[in-house]
Structure formats: structure tokens, C-alpha cells
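Summary of structural features
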Amino acid sequence: MARRVLVTGGAGYIGSHTVLQLLREGFYVVVVDNLDNSSEVAVQRVAELAGGFGKNLAFHRIDIQDKEALEKVFHTTKFDAVIHFAGLKAVGESVQKPLLYYKNNIIGTITLLEVMAAHGCKKLVFSSSATVYGWPKHLPCTEESPLHAMNPYGRTKLMIEEICRDVHHADNDWKIMLLRYFNPVGAHPSGHIGEDPRGIPNNLMPFIQQVAVGRRPSLTIFGTDYSTKDGTGVRDYIHVVDLADGHIAALKKFFDDPTTGCEAYNLGTGKGTSVFEMVTAFEKASGKKIPLILTARRPGDAETLYAGTAKAEKELKWKAKYGIEEMCRDQWNWAIKNPWGYGLPEPPN
Ligand code: NAD
Ligand code: UDP
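What counts and how
Residues numbered from 1 in each chain as written. Chains lettered and ligands numbered in written order. Predicted model: local features only at pLDDT ≥ 70, side-chain atom pairs only at ≥ 80, totals over all residues. Heavy atoms only, no water. UniProt positions renumbered as here; feature names shortened; annotations may be inferred. Buried < 20%, exposed > 50% of the residue type's maximum accessible area, 1.4 Å probe, protein only. Helix = DSSP H or I, 4+ residues; strand = E, 2+ residues; numbered from the N terminus. Pairing = 2+ DSSP bridges. Phe/Tyr/Trp six-rings, centres within 6.5 Å; stacked < 30°, edge-to-face > 60°. Lys NZ or Arg CZ within 6 Å of the ring centre and 35° of its normal. Axes fitted to C-alpha atoms, helices over the stretch in contact; angles between N-to-C directions. Parallel < 35°, antiparallel > 145°, perpendicular 65-115°, else oblique. Left-handed = near helix turned anticlockwise from the far one by under 90°. Contact = heavy atoms within 4.5 Å. Nonpolar A, V, L, I, M, F, W, Y, C, P; charged D, E, K, R; others polar.

The name given to the protein chain in an unreviewed UniProt entry is UDP-glucose 4-epimerase, with the source organism recorded as Zingiber officinale. UniProt lists a comment for the protein chain under the heading Function (unreviewed entry), and it reads "Catalyzes the interconversion between UDP-glucose and UDP-galactose." Under Pathway (unreviewed entry), UniProt gives the following word-for-word description of the protein chain: "Carbohydrate metabolism; galactose metabolism."

1. With respect to the pairing of strand β6 (residues 175–181)
The buried count for β6 comes to seven of seven residues, which makes it a mostly enclosed element. What you see with β6 is no split at all: Lys 175, Met 177, Leu 179 and Tyr 181 on one side and Ile 176, Leu 178 and Arg 180 on the other are buried throughout. Inspection of the sheet shows strand β5 (residues 123–129) paired to β6 by seven bridges, in the parallel sense. Bridge pairing in β6 links Ser 129 to Tyr 181.

2. Overview of the packing of aromatic side chains
In total, this model carries five aromatic pairs according to the counting rule given. With a centroid separation of 6.0 Å and 85° between ring planes, the pair formed by Phe 282 and Trp 332 is classed as edge-to-face. Of the two residues, Phe 282 is situated in helix α9 (residues 275–286) and Trp 332 in helix α11 (residues 324–337); the sequence distance between them amounts to 50 residues. Across this residue pair, the class does not change: Phe 282 and Trp 332 are buried. Lying across the ring of Tyr 265, Lys 311 places its NZ or CZ 4.8 Å from the centre.

3. Regarding the packing of helix α1 (residues 13–24) against helix α2 (residues 40–49)
Packing of α1 against α2 brings their axes to within 9 Å, and their N-to-C directions diverge by 25°. In this view, α1 runs roughly parallel relative to α2, as classed from their interaxial angle. Here the hand of the crossing between α1 and α2 comes out right-handed. Residues Ser 16, Val 19, Leu 20, Leu 23 and Arg 24 of α1 form the contact with α2, whose own contacting residues are Ala 42, Val 46 and Leu 49. Here the contact of α1 with α2 is composed, by residue class, of six nonpolar, one polar and one charged.

In C-alpha cells form, the structure reads like this:
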């Protein structure tokens, strides 16, 4: 019988790509999402892209803080594992509204863990982030690097990691993977699913994309005076399909390796790319010129972040396959097919 996986936040950017890979691998998937930062259209498109496997997908519009609603889902289906993407993720907003972030991300996770425990489902894959490394002194960041959150969003990730370690410590039946994503970009090569942020994008790639399709006049570059190859910030960009496959690898380890405990894994490529390099790669992929405004550093930004990938390669037997060229190609393909994401054009000002 197919293994059953609950995916919280499965209508979102990384969630939707992961759900598609799960379906293609033969899993039965139940998505719960409150659609706070996503659209049900993404779930419909995933079902279409999965072809015959699309029938193995169910969706419930639920807030994971709603324990009663979650209970009902667990009553109906006995899950083998949970992949937990649901959370708020805008760094700036988390500084403005810390309580919203602590409540949604931490209370949401605790509620989920309580319901899982009550139903004897003790395998969890959690979406952590490279942000837990803060501004690292030594590179690449390995899973043993010191942890330091720089804002409330980062602190929610760090706190949830600690909660998971404590939960595993108290009860070794829990198997937990803390996946620390570096910078997910790109879209499914079909161009039918991709990232569709609400409002003004916080992240580099969706911003570049919106400039390229004419939704915004220019890209503002935050800082050109870093000690990097060209003065701009360096990050480890990873294709979202590679990232999605990292989750399949994590699940396989749960099912194949009884010694799994509570472990953190970096999901990145191990390569650093500057903002200028990313802009140039996107211009090449799209044939569009991206007008730039050079400005001061964004408060709280690290200079350089890239992953040490050895642990994930060895223990998850997973390695990113795609490079910047494919990331930009697929991001552009999604953009031209869906210039307004899953929604309708914004009315003119
Ligand atoms: P996303 O906003 O596209 O997806 C998150 C989904 O969770 C959304 O569909 C949203 O509606 C849902 N959600 C939020 N709170 C919820 C709640 N209380 N109940 C039910 N659903 C809820 O974001 P994403 O980029 O796909 O990120 C997924 C996860 O990965 C998040 O936890 C995020 O913090 C983490 N992450 C993302 C990045 C990134 O750059 N995209 C990097 C590192 C970690
Ligand atoms: N960045 C930028 N302009 C933007 C958004 C981001 O110059 O509009 C820079 C940012 O300073 C960082 C890099 O792009 O050096 C990646 O930023 P993003 O927010 O995408 O990821 P994070 O900083 O969270 O790793």
C-alpha cells in the first residue's frame, strides 16, 4: 500500500513542488494549508501535473493552530510521516509583527506535534533555514557551525529546531529531520507551478522576475561594499525541484534506516553566487535588461552564505543536480507563462 504523508503548507512554493515529487514517487498525500500565502490553484495544477497519480492527493483548507481540525484529518488517515512547511517567512514582517510569527510558527508546530503524538505518527521533516547560521565566521556552513538567529523569523526556526531536539530526547521513537534550506529559486520545468509571493517580494529572484515581466521598474541592490568578489551579497541558490527531491531522500531515510534520530541537514549546492552574477544569469535566460538601483546594505543581511553539502550527500544520498542556468531558465519559463502568478493582473494605480 502507498505510504501516506501529511504535508502542511503544501499549497506554497516549496510545498507544491515537493507534493508533485511525492505523488510521482507513489506516495498518497494530504495537504493542509490555510492559503494565507498561497492559492488552491497551485494544488489543482500539481494534481494535473501528476497525471494518473493526481488521484492520490487530498486538500484541506486548515490552519495548523486549529487542533480540532487537525485531529479530524488524523482521524481519517493514518499517516506514515509529516512534512511540515507551514509557516510565515517574511523576515521584515517578522521584525514588525514578532508575536504573529511566534504564534503562527511556534504554536502551529507545537499543535502539530501534539496531534502527531496523539495519533502515533512520530516521523517529521521540518523546513528549517540557513538563516539559523546568522552571519557565519567560517564557510561553508556545516551542520556543526554555530547557530545564531538575527531576527524573529530566524528565531522561530531555531526555537522549533530546539523543540524538536527536546521532543526526540524525551521519546526516542520520534524521528525528525531538520532540513536547512539555503536559497530556493526556480520553478518546475513545466512552467505550471512556481513562486507567487503576495505583495512586494522580499527575496531576490521573485523581485528580478517581476522586473523582467514589467510589473516593477527596477531592482534595488542592497549593498555593493561587501568583501565579496564584486561587492554584492553571496548566497547558495538551489533549484526548487532539487530541494523537493531532498525531501523524498529524507523520507526514504526514515523508512530505510531504523537508527534515524533527530538530525539537521543542509540542503544547498555548496556554491556561492553574488547578486550581480544572479542578475546577469537572469538577463541571459530572459533576454531582458534588469534596470538596477544600487543602495545601502539591508539591515540584518549576512555577507556570504553557502552550504557544506557532505552530510546530506553521505547520509541522505542526495545531491543538487541543477545550476544557476537551469534555475533562471525555469524561473523565466514560469514567469512568461504566469506573469501574474496564480492570480489576475493587479489593477493600475
Ligand atoms: P510559502 O509561503 O510559499 O509556503 C508556506 C505555506 O504555509 C503557505 O502556503 C501558507 O499559506 C501556509 N501556512 C502558513 N501558516 C500556516 C498555518 N498556520 N496553517 C496552515 N498553513 C499555513 O513559503 P515557502 O517558500 O514554500 O516556504 C516553506 C517553508 O520553508 C517555510 O516554513 C519557510 O519558512 C521555509 N523556508 C523557506 C525558504 C525560502 O526562501 N523560500 C528558505 C528557508 C526556509
Ligand atoms: N537582495 C537585493 N535586492 C532585493 C532582494 C535581495 O539586493 O530586492 C540581495 C540580498 O541583500 C542578499 C541576496 O540578494 O544579498 C539574497 O536575498 P534574499 O532575500 O533572496 O535571501 P536571504 O538574504 O534571505 O538569504
